[in-house]
Structures are given as C-alpha cells and as structure tokens.
Amino acid sequence: MTAESSEAAVRTLPLARAINAALRDELSADEKTLLIGEDIGALGGVFRVTDGLQTDFGEHRVIDSPLAESGILGTSIGMAMRGYRPVAEIQFDGFVFPAYNQITTQLAKIHNRTDGAIRVPVTIRIPYGGHIGSIEHHSESPEALFAHTAGLRIITPSSAQDAYWMTRQAIVCDDPVIVFEPKRRYWLKGEVDTANPAPDAFTAQVLREGTDATIAAYGPLVPVALAAAEAASVQGRSVEVVDVRSISPLDDETIARSAAKTRRLVVAHEAPTFGGFGAEIAARVTERAYHRLAAPVLRVGGFHMPYPPSGQEHRYLPDIDRMLEAVERAFAYQNGVVR
Amino acid sequence: MQPVQLLAEDGTLTEHETYSPYLQGLDDDALRGLYRHMAVERRFDAEATSLQRQGQLALWAPATGQEAAQIGTIAALNPTDRVFPTYREHAMALYRGISPEELMTLFRATAHSGWDPNAYNFHLYAIVLASQTLHAAGWAMGIQQDLRLNALPRDRAADEIVLACLGDGASSQGDIHESMVFAASYQLPMLYLIQNNHWAISVPARTQSRVPLADRAAGYGFEGIRADGNDVLASYAVAAAAAESIRAGKGPKLIESVTYRIGAHTTADDPSKYRAAEELQEWSSKDPITRYRTWLTAADKADQAFFDEVKEEAEDLAADLRRTVPAMQSIDIERVFDTVYAEPHRQVETERAWLKDYEAGFAEEEGRK
C-alpha cells in the first residue's frame, strides 16, 4: 500500500484526488497497468489528476507521450494487445477527435474482429463538459458520439466516491472503457471509502428518493439535479434523482423503474438534446414504461449549437431553474394529457 | 537514392559490400524455399482473383508482383517477431503458416479475420490505412516494458522486433507520422516496410511524396533504405541487416521496397483506366520470380525437378481452394454477439434475446403450416 491509500479507509477528497488515488492503487496492484498521455508526468496533468505518480512509479509506468492523440490511443491498443493495461489521458474533450478513428474503428472492434482472441483493456480518461471558463475546444460533451459505437464502455462519475471506484473498475475491466470525467467537478469534495467497493460502475443509482417525478442526470449535472430536487421539495414536489453513471451499457431498467414509480421523467445532460444521449434514455424508458407515465419524457440539455463562448455558458448549460421548468412542464400533464 | 539491388533484372548476381554477406545466412534449401514461397503465392493469388470473378469472394487484393518484397523480408525475421500487415501481405501470411482458407475469410466476408494473431505472431489485416502502424509501435513499447519486467519468454530472448507494413498510399496518413514519432522518441525495436508498388488505387506514388519514401525516415531521426523490391535476395539482405541493427538496440529502421503491383488494387478497379500499358510492360520485365528462377538455375541451386515439384504444389493448393472456398460459411451472428465485448453487456444481451425470440416466431409459423 502506498502512503496515500494506507491512511484511513474513509477519507474526504476532491474528485480529482480520488481519481489520483484510484490510479495510484491500480498502478500498485498490477505492474502491467501503465499511464500514458501528454503532460501527465512531471506536471501531473493539466488538472493535476496524475500528480506525483511519475515520481512514485517511474517514467516507464507514467509515460509522458509525444503530443499526438491518435498516437496515444494507437500505441495504447498495441500495448494492450500484448497484455498491458494502458490508461490513456486525453487532455481535453475537444482534443479526442484526432484519436476518434483509433477509438471507433480499431479499439472498439478488435475483440470482435479477432473472434475474441485479443482483448484490449484500454481505459481512456477524458475530462469533459462545460463551466470551467476556458476557450473553445476546452468544453465539449461528445458522449453520444462514442455511445453509438458498439465495443466501447462509457461511464461518467459524479462524486469522489464514484470517481475512485469507477476508475478502478474501468482499469480492471477487460473491455475498452471511456471514463468521461466531469471536469467542473474535479474540486468537488466527498467521502471516499477505499475499502468498500462502490456499486458496479456499469449501473445507475437512485441518489435521492421521491414520489412525484424523476430527474435522470449524469456526471457534471448530478449535483445540479440534486439541488433542483431539493428546491422542488420546498414547493411540495417530491423529486427522485437517478445518477445514470453508465452510458454504455445503459442501466435503462433502473431508470425506467424510477420513472414508472414517479410517473414523470426529466433527462438532463450538458450535450445538445438534438441527437443526444437523452433521446436514447427517453426512447427506452417510453418503451418500458409507457403505460405508467403521466407525461412524455422531457429533456433538458444544450442547444443545437457549438458550446458558446464561456461567458455565455450559463445560458447554454442546464441549471437548477431549467430542470425545475422541465419538472413543471411534466406536471402540466395528467395521465398523458395536458391538464 | 538508388535501391539496393543484388540480383539484376537478367538474373545475374552482383556483389554488394554491405549486403552480400547477409546472403551467407541462406543455405541452398533456404534459397529454394524463397522461390517456392513466391511461386506458390503467385498461384494462390491467381486462384483468388478468379474465385472473386466467379462470385466466390466479395473482393480480392492481388499481390502479384510483390512476392519478392514480402518473402525476402519475412524470411529475414524470426518467427517470434510480430508482424502488423496491411491487407496485401498474402505472401507473408502464407509464409507464417496461416492457411489459404483462413486468409480468404476476410475476402469472402465470412469473418473479419480467420486467424488468431497470437498463434502466428501475425496481426489482422488492416483496412483502415496506417492504423496498424501505431498498434505496432504500441506492441514495441510492450516489448520494452517486458524487458524492464524481465517478462520476455526465454525463447524470445531480448531480441524481439516488430515489422510494420504499409504501402505508398498509406504513407500519406497521419497515423504513420505519429507512429514514426513514437518509434524514434522511444527508440522502439521496429522495422517499417513500405512496399511502394507505385499506385494507391488510381493515384500515383508521386502524389503521396515528392521525395523517395525512404528519405522520410531521416526526418524522424532514423535510417531509411531503398531496396529493389523485385529482388528477393536484396529484400532479404536489407531486411536482415536492418533487423540485426534493431536487435542490437539501435532503434527503428525504414525500408522502402520499390516494387510494382501488376494487377488491380482490388478486383473492384480497372488499372487500364489509370495506368499506361508501357508502364505495366516495363515492370513485367522486372518480374521477381522469373529473375530469381534464372539465377537459381544458372547457379545450379535448383533443377527442373524442383521447379516441377513447386508447380505441382501450387496447382494442388489452387485445386484445394476451388473446392474449399465455395463451401466456406459465414460465422454465426451468435459469435458476433459473443465477441462485441469481453464481458457481458446489458444491451447486447437484450438484443441477442430479442433476435432469438423473433426468429423462433418464424420457426413456429413454419411449424403450423
């Protein structure tokens, strides 16, 4: 055990530090786990998520790569074919596209193309989403683009505890896993229990019980959804909050169960709603629970535009009020008909 | 840069100070073996082309004309060296022991790959150009990790290298640039083989590069060599010399093998629409197999009985293919469900169950009739 993880099993950590602890613990657990990415060594990553890891594990385990995203992913695939477990860092969401070909035509398909002979357990960490006040290409929400590719697993934690365990579970998974890290929540503190595994990374979780409506959200919007539910309770609305957590596979059963119970579902994400992942959730929940729903599944998300300049992101990204507005629209229906 | 040539077009052997000594590694059996592999591959290739014309293959990518480049290079490597091919390395694949039927699966579209790459140290064919050159670099990084962990199997000693194949067209892709950057930065044990067959489908090599492709290596900080890819002895010697240097830990090398694709890019195109007949004729006169046979005969390394025996072997292989290929069946879609993920995935399982129920419904319907 390393210095960090030998401390008390339950610690309060910012989400970024929880990921750091997860990477540290996996590097310690398996000598074939490697980290690769730009600036992840001496600098510790631009968000310091890998801080100190190269010092402790060496430059051969924590590899500062050339500035080449396709190269980072393509070589990760080659290392994985040989039995290693590379954890590749993409510095910002908007920079993943030079590697998109390697991820979608190669990484996602190799197990299938080889009839199962070769596994490629590559983990890809991508800081994503808005609200960090940076310039263009530093705020993107491309999860739906990857969700459409079979062969990839896609998860997104929303708390420090999930960030720790979901990262560890991604690394030991034999499939390629993309971990979309909600970068605006990197500094969100929470209790991390390193002794007791959190729920399975590929499931959804009900974070707050309610009876009148459900908000399903993931990653950066989960704290917003919880705050919206709290605000709604003041107005006498009992709102349940489901953290989707896993985009592929999607735990549609848990979401549909909640929607069937509360009879109203609002899906929220930062990505544009048009063609977005919320549409997949809405369609699946409708198929599963149509007769139980009092209102159509409503979506809250970004607009059909590129992320606007960060000075306007407050008008683009769903906030508490936008979620409450959607909940109210759902309450306008009674048994599927507008009252 | 003149390509290294040992065997002239008329079949005469010349001495080369640097490369001729590497031919000492080939005894008479091995010399005959080079011929046998080239001749059998050419017959295989012709049969595959005609099977495609008969509708038995979805597509075929002929390698006729490139036999020497491929056989010379692969013969210079160890069986434990990992090969990352593009989609035209049929001679290399057969040399490594992949069966003609296994090789046909992709082109008959009965499977995406018919062989286990780990069984032959020969990776899947790559359709997305140059993508495999990064996997090769990653594999080479894995070799370095294994050395660090003392995890290399004893029979691979410390000298395992990686061969990354690409064509002149793929040399324009971004991934080959990134691969060479990684190879140079980490001094990876990699050999790049660019088979410059002069045409990327209908686009000539001059559209890919204004300088010989071998010259590009210098820009990354390693050596590039041009070899006559229609000369199996030069192809062998240049690859053997490069492999020796790479095994000695001196970093990557690039060989541009100057050769020519005699046939179409694939059976889907018609080279007469984009290539001059004179060019084809000129290159046909440089044929790698004819040239080598002339030398083998003159040097008294092989007699008519040997050539007859090879011809019979090649004809047998072709006859086998005519019989076996039409009988090849696609893998079941159940196998595809099985291998999308290594671990269970909720949506895959749901859709698998749905298809099973749906198809069972038709079976019941049939039963009631």
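Rules used throughout
Residues numbered from 1 in each chain as written. Chains lettered and ligands numbered in written order. Predicted model: local features only at pLDDT ≥ 70, side-chain atom pairs only at ≥ 80, totals over all residues. Heavy atoms only, no water. Salt bridge = Lys/Arg side-chain N within 4 Å of Asp/Glu carboxyl O. Helix = DSSP H or I, 4+ residues; strand = E, 2+ residues; numbered from the N terminus. Buried < 20%, exposed > 50% of the residue type's maximum accessible area, 1.4 Å probe, protein only. Axes fitted to C-alpha atoms, helices over the stretch in contact; angles between N-to-C directions. Parallel < 35°, antiparallel > 145°, perpendicular 65-115°, else oblique. Contact = heavy atoms within 4.5 Å. Nonpolar A, V, L, I, M, F, W, Y, C, P; charged D, E, K, R; others polar. Phe/Tyr/Trp six-rings, centres within 6.5 Å; stacked < 30°, edge-to-face > 60°. Buried area = accessible area lost by both parts, 1.4 Å probe. Polar contact = N/O pair within 3.5 Å; in protein donor to acceptor, adjacent residues only side chain to side chain. Core = buried A, V, L, I, M, F, W, Y, C linked by side-chain atoms within 4.5 Å. Pairing = 2+ DSSP bridges. Expected span 1.5 Å × (residues − 1). Left-handed = near helix turned anticlockwise from the far one by under 90°. Patch = residues over 30% accessible without salt bridge, like charges linked within 9 Å, V, L, I, M, F, W, Y side chains within 5 Å. Areas by Shrake-Rupley, 256 points an atom, 1.4 Å probe, with all protein chains shown as cover. Lys, Arg positive; Asp, Glu negative; His and termini not counted. Charge placed at Lys NZ, Arg CZ, Asp CG, Glu CD.

**Describing the pattern of salt bridges**
Part 1 of the argument: In total, this model carries 45 salt bridges over all chains according to the counting rule given.
Part 2 of the argument: For Asp-252 of chain A, the salt bridge goes to Arg-284 of chain A, with nearest N and O atoms at 3.3 Å. Placement of the pair is Asp-252 of chain A in helix H9 (residues 252-262) and Arg-284 of chain A in helix H10 (residues 277-289), with a sequence separation of 32 residues.
Part 3 of the argument: Residue classification places Asp-252 of chain A among the buried positions, given a relative accessible area of 6%.
Part 4 of the argument: The salt bridge involving Arg-43 of chain B is made with Glu-47 of chain B; its shortest N-O contact spans 3.0 Å. Residue Arg-43 of chain B and its partner Glu-47 of chain B are both found in helix H1 (residues 28-53); the two are separated by four residues, about one turn of the helix.

**Thoughts on the packing of helix H3 (residues 69-81) of chain A against helix H7 (residues 174-185) of chain B**
To characterise two packed helices, one gives the angle between the axes of the helices and the distance between these axes.
Part 1 of the argument: Contact geometry of H3 of chain A with H7 of chain B gives a least axis separation of 9 Å together with a crossing angle of 70°. Here H7 of chain B runs roughly perpendicular to H3 of chain A, going by the angle between their axes. Along the contact surface, H3 of chain A presents Glu-69, Ser-70, Gly-71, Ile-72 and Thr-75 of chain A, while H7 of chain B presents Asp-175, Glu-178 and Phe-182 of chain B.
Part 2 of the argument: Residue composition of the contact of H3 of chain A with H7 of chain B, by class: two nonpolar, three polar and three charged.

**What about the packing of aromatic side chains?**
All names here are of chain A.
Part 1 of the argument: Scanning all chains against the criterion turns up 29 aromatic pairs over all chains.
Part 2 of the argument: A centroid spacing of 5.0 Å and a plane angle of 50° characterise the contact between Tyr-128 and Phe-180, whose relative ring orientation is tilted. Here Phe-180 lies in strand E7 (residues 177-182) and Tyr-128 lies in strand E5 (residues 123-128), a separation of 52 residues in the sequence. By the burial criterion, Tyr-128 is buried, and Phe-180 matches it.

**Remarks on the interface of chain B and chain A**
Part 1 of the argument: Every contact between the two is made by 47 residues of chain B and, on the other side, 54 residues of chain A.
Part 2 of the argument: Roughly 3,900 Å² of surface becomes buried between chain B and chain A when both sides are summed, with 54% attributable to carbon and sulfur atoms.
Part 3 of the argument: The largest share of the area that chain B buries against chain A comes from His-135, Tyr-341 and Arg-346 of chain B, three residues that together contribute 15% of it.
Part 4 of the argument: At the surface where chain B touches chain A, the tally comes to six salt bridges.
Part 5 of the argument: Salt-bridge contacts for Asp-115 of chain A lead to Arg-335 of chain B; the nearest nitrogen and oxygen are separated by 3.0 Å.
Part 6 of the argument: For the pair chain B and chain A, the number of links is 27 residue pairs in polar contact (both at pLDDT 80 or more).
Part 7 of the argument: It is helix H6 (residues 131-148) of chain B that provides the largest number of residues to the side of chain B that touches chain A, a total of 12 residues.

**Here's the deal with the nonpolar core**
What tends to happen in soluble globular proteins is that the nonpolar side chains get buried as a cluster.
Part 1 of the argument: Counting residues in hydrophobic clusters, the biggest one holds 74 residues, and the most contacted among them are Leu-73 and Ile-255 of chain A together with Met-190 of chain B.
Part 2 of the argument: Among the nonpolar cores identified, the runner-up in size contains 70 residues, and Ala-61, Ile-71, Ile-74 and Val-232 of chain B belong to it.

**Describing the sheet that holds E5 of chain A**
Residues and elements named next belong to chain A.
Part 1 of the argument: Pairing is mixed in the open sheet, where seven strands are placed in the order E3-E2-E4-E5-E7-E6-E12. Looking at strand neighbours, the two that pair on one side only are strand E3 (62-64) and strand E12 (246-248), the edges of this open sheet. Direction aside, neighbouring strands of the sheet carry axes that sit 20° apart on average.

**Considering helix H9 (residues 232-247) of chain B**
Residue and element names in this part refer to chain B.
Part 1 of the argument: Look at H9: 22 Å from first C-alpha to last across 16 residues, which is about the 22 Å you get at 1.5 Å a residue.
Part 2 of the argument: Among the 16 residues that make up H9, 14 are buried, leaving the element largely enclosed by the rest of the structure.
Part 3 of the argument: The backbone nitrogen of Leu-233 lies 2.9 Å from a side-chain oxygen of the residue at the head of H9, namely Asp-231.
Part 4 of the argument: Phi turns positive one or two residues past the end of H9, at Gly-249, with a value near 85°.

**Topic: the pairing of strand E13 (residues 265-272) of chain A**
Residues and elements named next belong to chain A.
Part 1 of the argument: Here E13 lies mainly inside the structure; seven of its eight residues are buried.
Part 2 of the argument: In this structure, strand E10 (residues 213-217) lies alongside E13, joined through four bridges in parallel fashion. Paired with Ala-217 across the bridge in E13 is Ala-268.
Part 3 of the argument: Two elements, E13 and strand E14 (residues 298-302), share four bridges in a ladder whose sense is parallel. Counterpart to Val-266 in the pairing with E14 is Leu-298.

**Some words on the packing of helix H2 (residues 67-75) of chain B against H9 of chain B**
All names here are of chain B.
Part 1 of the argument: Where H2 meets H9, the closest approach of the two axes is 7 Å, and the angle between their N-to-C directions is 35°. When the axes of H2 and H9 are compared, the crossing they make is right-handed. On H9, the residues that touch Ala-68, Ala-69, Gly-72, Thr-73 and Ala-75 of H2 are Val-232, Ser-235, Tyr-236 and Ala-239.
Part 2 of the argument: Classifying every residue of the contact of H2 with H9 gives six nonpolar, three polar and no charged.

**Looking at a negative patch on the surface**
Part 1 of the argument: Side chains of Asp-300, Asp-303, Asp-308, Glu-309, Glu-312 and Asp-316 of chain B sit close together on the surface and give a patch of like negative charge.
Part 2 of the argument: Here Asp-300 of chain B is to be found in the loop between helix H11 (288-298) and helix H12 (304-324).

**Considerations on the sheet that holds strand E6 (residues 223-228) of chain B**
To summarise the sheet geometry, strands pair through backbone hydrogen bonds and adopt either a parallel or an antiparallel arrangement.
Residue and element names in this part refer to chain B.
Part 1 of the argument: Read from one edge of the open sheet, five strands run E1-E2-E3-E7-E6, paired in parallel fashion. Looking at which strands have only one partner, the edges of the open sheet turn out to be strand E1 (82-84) and E6. When the angles between neighbouring strand axes are averaged without regard to direction, this sheet yields 20°.
Part 2 of the argument: The pairing of E6 with strand E7 (residues 253-258) spans six bridges and is classified as parallel. Each bridged residue has a counterpart across the sheet, and for Glu-223 the counterpart in E7 is Lys-253.

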